[in-house]
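Chains, contacts and geometry: an overview
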Amino acid sequence: MLARVLSYCNSASCFNHRLFQCQQHRVLQHPLLLSDLMHRFEQLQQRSSRIHPLAEVGSEVTVRQILSHGRAGQALTFQVVEPSRANPDRGQVSYLSPIGLALLALPLGAEFSVVLGASESRWRLIALNRKGASNE
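A brief look at the structure comes next. These numbers were taken from a predicted model, which means no experiment stands behind them.

The residue Ser 94 is located in strand S3 (residues 92-94) in this model. In the structure, Ser 94 is positioned 10 residues away from Ser 84 in sequence and 8.0 Å away in space, judged by C-alpha atoms. In this structure Ser 94 touches Cys 22, Val 81, Pro 83, Ala 86 and Gly 100, once residues within four positions along its chain are discounted. Here the side chain of Ser 94 touches Leu 96 through a polar contact of 2.9 Å, landing on its backbone nitrogen.

In structure tokens, the structure reads:
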């Protein structure tokens with residue numbers, strides 16, 4: 001489903017796009033990405049994040065790609081999980097994947113970009129369910 005919506009392959013069973021794949025080694029070896037990850041975890045520990053929900057590990061999120069000229073793409077729903085539990089085929093995306101890292105600590109309604117090589121995609125967080133989140 002994710003691949004079909006993003007048009008990266010012709011098959012509904014193709015979930016191997018880098019956007020949803022855990023990139024743990026890349027994040028841990030890149031100082032700026034690692035710093036950003038630590039900053040996002042610090043934001044999640046602040047008291048205000050409990051009052052105004054933010055996307056965190058365990059959250060089920062729905063995102064919508066923003067296409068050219070402000071048009072909206074199809075919505076995708078998945079859970080942000082620990083890298084060891086990631087399985088995009090089952091709707092479980094690692095927080096160390098490009099889209100997972102971009103989502104971490106964002107509030108409902110936020111727009112964000114995901115850059116992969118020379119391409120950039122724009123997204124909006126349209127639904128957030130924290131019932132499986134780590135601090136509840």
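Following the structure, the description resumes.
Phi at Ala 105 is positive, roughly 75 degrees, even though this residue is not glycine. Summarising the element assignment, Ala 105 is placed in the loop between helix H5 (98-103) and strand S4 (111-116). Take Ala 105: its relative accessible area is 8%, and that puts it in the buried class.

Attention shifts here to the pattern of salt bridges. What the rule picks out here adds up to two salt bridges. Between Glu 111 and Arg 122 there is a salt bridge, with the nearest N and O atoms lying 3.0 Å from each other. Separated by 11 residues along the polypeptide, Glu 111 in strand S4 and Arg 122 in strand S5 (residues 119-129) bring together distant segments of the chain. Glu 111 sits in the partly exposed class, given a relative accessible area of 39%.

Here we take up a nonpolar patch on the surface. There is a patch of nonpolar side chains on the surface, built from Leu 28, Leu 34 and Met 38 and spanning about 250 Å² of accessible area. Summarising the element assignment, Leu 34 is placed in helix H3 (residues 31-45).

Here the focus is the pairing of S5. Across a regular strand the side chains alternate sides, sitting on one face of the sheet and then on the other. In this structure, strand S1 (residues 60-66) lies alongside S5, joined through seven bridges in antiparallel fashion. Within the sheet, the bridge partner assigned to Glu 60 lies in S5 and is Asn 129. Once S4 ends, the chain turns through two residues before running back antiparallel as S5, passing Gly 117 with a positive phi of about 60 degrees.

A word on H3. Over its 15 residues, H3 runs 21 Å from end to end, which matches the ideal 21 Å to within 8%, given 1.5 Å per residue. What H3 keeps buried is the set Leu 33, Leu 37, Arg 40 and Leu 44. The buried residues of H3 occupy one face: seen down the axis, they fall within an arc of 65 degrees. Summarising the geometry of H3, the exposed residues directed more than 90 degrees from the buried face are Pro 31, Leu 32, Glu 42 and Gln 45.

Procedures and definitions
- Residues numbered from 1 in each chain as written.
- Predicted model: local features only at pLDDT ≥ 70, side-chain atom pairs only at ≥ 80, totals over all residues.
- Heavy atoms only, no water.
- Helix = DSSP H or I, 4+ residues; strand = E, 2+ residues; numbered from the N terminus.
- Contact = heavy atoms within 4.5 Å.
- Polar contact = N/O pair within 3.5 Å; in protein donor to acceptor, adjacent residues only side chain to side chain.
- Buried < 20%, exposed > 50% of the residue type's maximum accessible area, 1.4 Å probe, protein only.
- Salt bridge = Lys/Arg side-chain N within 4 Å of Asp/Glu carboxyl O.
- Patch = residues over 30% accessible without salt bridge, like charges linked within 9 Å, V, L, I, M, F, W, Y side chains within 5 Å.
- Areas by Shrake-Rupley, 256 points an atom, 1.4 Å probe, with all protein chains shown as cover.
- Pairing = 2+ DSSP bridges.
- Expected span 1.5 Å × (residues − 1).
- Arc of directions from axis to C-beta.

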